[in-house]
Amino acid sequence: MQRLLLIVSGSVAAYKALEFARLARRAGFSVTGLLTAGGARFITPLALAAITGSRVHGDLWSVEEEAQAGHIRLARDHEAIVVAPASADLIAKMAAGLADDLATTVLLATNRPVLVAPAMNPTMWAHPATQANVETLRRRGVAFAGPEEGEMAEPEIGLGRLVEPPALLEAVRAMLAVGPLAGRHALVTSGPTFEAIDPVRFLGNRSSGRQGHAIAAALAGLGARVTLVSGPVCLPDPPGVRVIRVESAREMLAACEAALPADVAVCAAAVADWRPATETATKIKKVAAAPPPTISLAENPDILAALSSAGSRRPRLVIGFAAETENVVAHAKEKRARKGCDWILANDVSAGVFGAEENAVTLVSEAGAEVWPRLAKTEVARRLAARIAEALR
Ligand code: CTP
């Protein structure tokens, strides 16, 4: 059994640590709780003890514990340390290497992987001091999950919310590479592609990358090693995932081919079907009274089709998406056959899916069509990841 040490620091989001502990135990981890003085203001040791099923730590100066070098044992006897929520103060102390309470001492004494899930006011998160501290910790190998954008307790909206407990669990499993997909390599494409017209202009589309990024996170959450090849998006890198940034369809194809072999490929990117046939080396100038320039297009390579026909390098499972507005299943079946992939997730985009949080999909495979309820993109991703794990077992 993998053992987690859960450090809870002072943030109103501390209550979510209880939910995380519950989920982690249900997923087969043992969890030991450690409350900082601030953390103990928001949740009680009793609540944490009841949910983790073990005693909760907090005192660096406990005579009983320290007779057996308690802080060293806590630092070493766990497979990973999760700091959730991590306050700006605790992050600053970690970056500075302070050790003035049990949490900071354990964090300084550990040689185990550490995952930090920040939670704080958006202005505190954006502060250069916090950002510099985060950068310092990242460079030292500390992993981060979140924060997320959303409504804060204040009330205020911005980047600073603790990641939701299921996403935190995914990040832990990604970091430890445990789960049904451990030892597997998953390749995921996400986001739009930008096709250059000249050095400053491009053809693009409205894909946000949310669905593809969520799939990468969910696969990593089941223990897979994930390579995410992403077009330009405004999303944070999913924790524990190797991200390769590209712009054009041709760059995306090259990055995918270089990432092979893979056990599974999920093509969630909205790849531009066409690109300007020529990219001019200098900016096209507007010439007075001249007619507007015409752009002739050339066809882009189809990445999904290329991966599906990659011969001995073909991933065992190749999955594509189909954005449809009508005859969803019929079109998806035709697309599956034409591209040679194994599964198609057909989404009905008539209902405003691009950029939205939810997705309505139908899974089309050799076995037929299976309609999924309208779900959050993160839930679609988890369901898909679970199906992939089943198929690769
Ligand atoms: N795809 C790809 N490379 C392309 C075009 C599409 O990998 N050059 C993948 C997408 O990632 C997605 C699927 O193919 O998995 C979508 O196929 P596409 O033919 O683009 O279909 P739609 O976008 O659904 O649109 P259309 O119906 O116009 O074909």
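The following refers to the structure shown.

Here is what the cut-offs are and how they apply
Residues numbered from 1 in each chain as written. Predicted model: local features only at pLDDT ≥ 70, side-chain atom pairs only at ≥ 80, totals over all residues. Heavy atoms only, no water. Buried < 20%, exposed > 50% of the residue type's maximum accessible area, 1.4 Å probe, protein only. Helix = DSSP H or I, 4+ residues; strand = E, 2+ residues; numbered from the N terminus. Pairing = 2+ DSSP bridges. Right-handed = clockwise from strand over helix to strand, strands pointing away. Near = heavy atom within 4 Å. Polar contact = N/O pair within 3.5 Å; in protein donor to acceptor, adjacent residues only side chain to side chain. Areas by Shrake-Rupley, 256 points an atom, 1.4 Å probe, with all protein chains shown as cover. Core = buried A, V, L, I, M, F, W, Y, C linked by side-chain atoms within 4.5 Å. Contact = heavy atoms within 4.5 Å. Expected span 1.5 Å × (residues − 1). Phe/Tyr/Trp six-rings, centres within 6.5 Å; stacked < 30°, edge-to-face > 60°. Lys NZ or Arg CZ within 6 Å of the ring centre and 35° of its normal. Axes fitted to C-alpha atoms, helices over the stretch in contact; angles between N-to-C directions.

## A short note on the pairing of strand β2 (residues 30-35)
With five of six residues buried, β2 lies mostly within the body of the structure. The pairing of strand β1 (residues 3-8) with β2 spans six bridges and is classified as parallel. Paired with leucine 4 across the bridge in β2 is valine 31. Crossover connection from β1 via helix α1 (residues 14-26) to parallel β2: handedness right-handed.

## Some points on the site of the ligand
Close contacts around the ligand come from 14 residues, with Cys267, Ala269, Leu304, Phe321 and Lys335 the closest. The separation between an oxygen atom of the ligand and a polar main-chain atom of alanine 323 is 2.8 Å. Lysine 339 is positioned such that a nitrogen or oxygen atom in its side chain is 2.8 Å from an oxygen atom of the ligand. Burial of the ligand by the protein amounts to 77% of the accessible area it has alone, namely 580 Å².

## Brief notes about unusual backbone geometry
It is generally the case that most residues other than glycine have a negative phi and that most peptide bonds are trans. Here the bond from alanine 84 into proline 85 is cis, since omega is -5°, no more than 30 degrees from zero. Locating proline 85 in the fold gives a position in strand β3 (residues 80-86). Looking along the chain, the bond that leaves leucine 260 and enters proline 261 is cis, with omega of 5°. Located in the positive-phi region is alanine 289, a residue other than glycine, with phi close to 70°. One can find alanine 289 in the loop between β14 (274-276) and β15 (297-299). Although it is not a glycine, asparagine 327 sits at a positive phi angle of roughly 40°. Its place among the elements puts asparagine 327 in the loop between β16 (317-324) and α14 (328-339).

## Describing the nonpolar core
The biggest cluster of nonpolar side chains holds 35 residues, and the ones touching the most others in it are Ile215, Leu219, Val226, Val266, Leu384 and Ile388. Those elements that place two or more of their residues in this core are β8 (185-190), α11 (210-221), β11 (225-230), β13 (264-267), β16, β17 (343-348), β19 (361-365) and α15 (377-392). Here this core gets seven residues from one element, more than from any other, and that element is α15. Sequence-distant contacts of valine 226, defined by excluding residues within four places in its chain, comprise Ala186, Val188, Ala216, Leu219, Ala220, Val241 and Arg242. Judged by nonpolar contacts, the second largest core, of 32 residues, contains Leu4, Ala17, Leu23 and Leu176.

## Some points on the pairing of β3
In summary, the side chains of a regular strand alternate between the two faces of the sheet. Of all seven residues in β3, seven are buried, a share of seventy percent or more. Where β1 and β3 come together, four bridges link them in parallel fashion. Bridged to leucine 5 within β3 is isoleucine 81.

## Here's the deal with helix α10 (residues 165-176)
At 3.6 residues per turn, the α-helix brings residues three or four places apart onto the same side. Between its terminal C-alpha atoms α10 stretches 17 Å, which fits the 16 Å expected from twelve residues at 1.5 Å a residue. Taking burial as the measure, the twelve residues of α10 include nine buried ones, the bulk of the element. Every buried residue of α10 is accounted for by Pro165, Leu168, Leu169, Glu170, Ala171, Val172, Arg173, Ala174 and Leu176. One or two steps after α10, the chain reaches alanine 177, where phi turns positive at roughly 50°.

## As for the packing of aromatic side chains
Between two aromatic rings, the relevant description is the distance of the centres plus the angle of the planes. Counted according to the given criterion, the structure contains one aromatic pair. The residue whose ring lies beneath arginine 383 is tryptophan 372, and the NZ or CZ to ring-centre distance is 5.3 Å.

## Considering the sheet that holds β17
The strand order across the open sheet formed by eight strands is β12-β11-β8-β13-β16-β17-β19-β20, and the pairing between neighbours is mixed. A single partner strand is all that each edge strand has here, and the edge strands are β12 (242-245) and β20 (368-371). The average angle at which neighbouring strand axes cross in this sheet is 20°, direction not considered. Both β16 and β17 contribute to a ladder of six bridges, which runs parallel. By the bridge assignment, glycine 320 is partnered in β17 with isoleucine 344.

## Here we look at α1
Look at α1: 19 Å from first C-alpha to last across 13 residues, which is about the 18 Å you get at 1.5 Å a residue. Burial in α1 covers these residues: Ala14, Lys16, Ala17, Leu18, Phe20, Ala21, Leu23 and Ala24. Summarising the contacts, the buried residues of α1 are in contact with β1, β2, α2 (39-42), α3 (45-52), β3 and α10. Remark: glycine 28 follows α1 within two positions and exhibits a positive phi of approximately 100°.

## Some points on the side chain of serine 230
Mapped onto the elements of the fold, serine 230 is located in strand β11. According to the relative accessible area criterion, serine 230 is buried, its value standing at 3%. Residues in contact with serine 230, not counting those within four places in the same chain, are Ser190, His213, Ile244, Arg245, Val246 and Met252.

Structural measurements only, silent on function.
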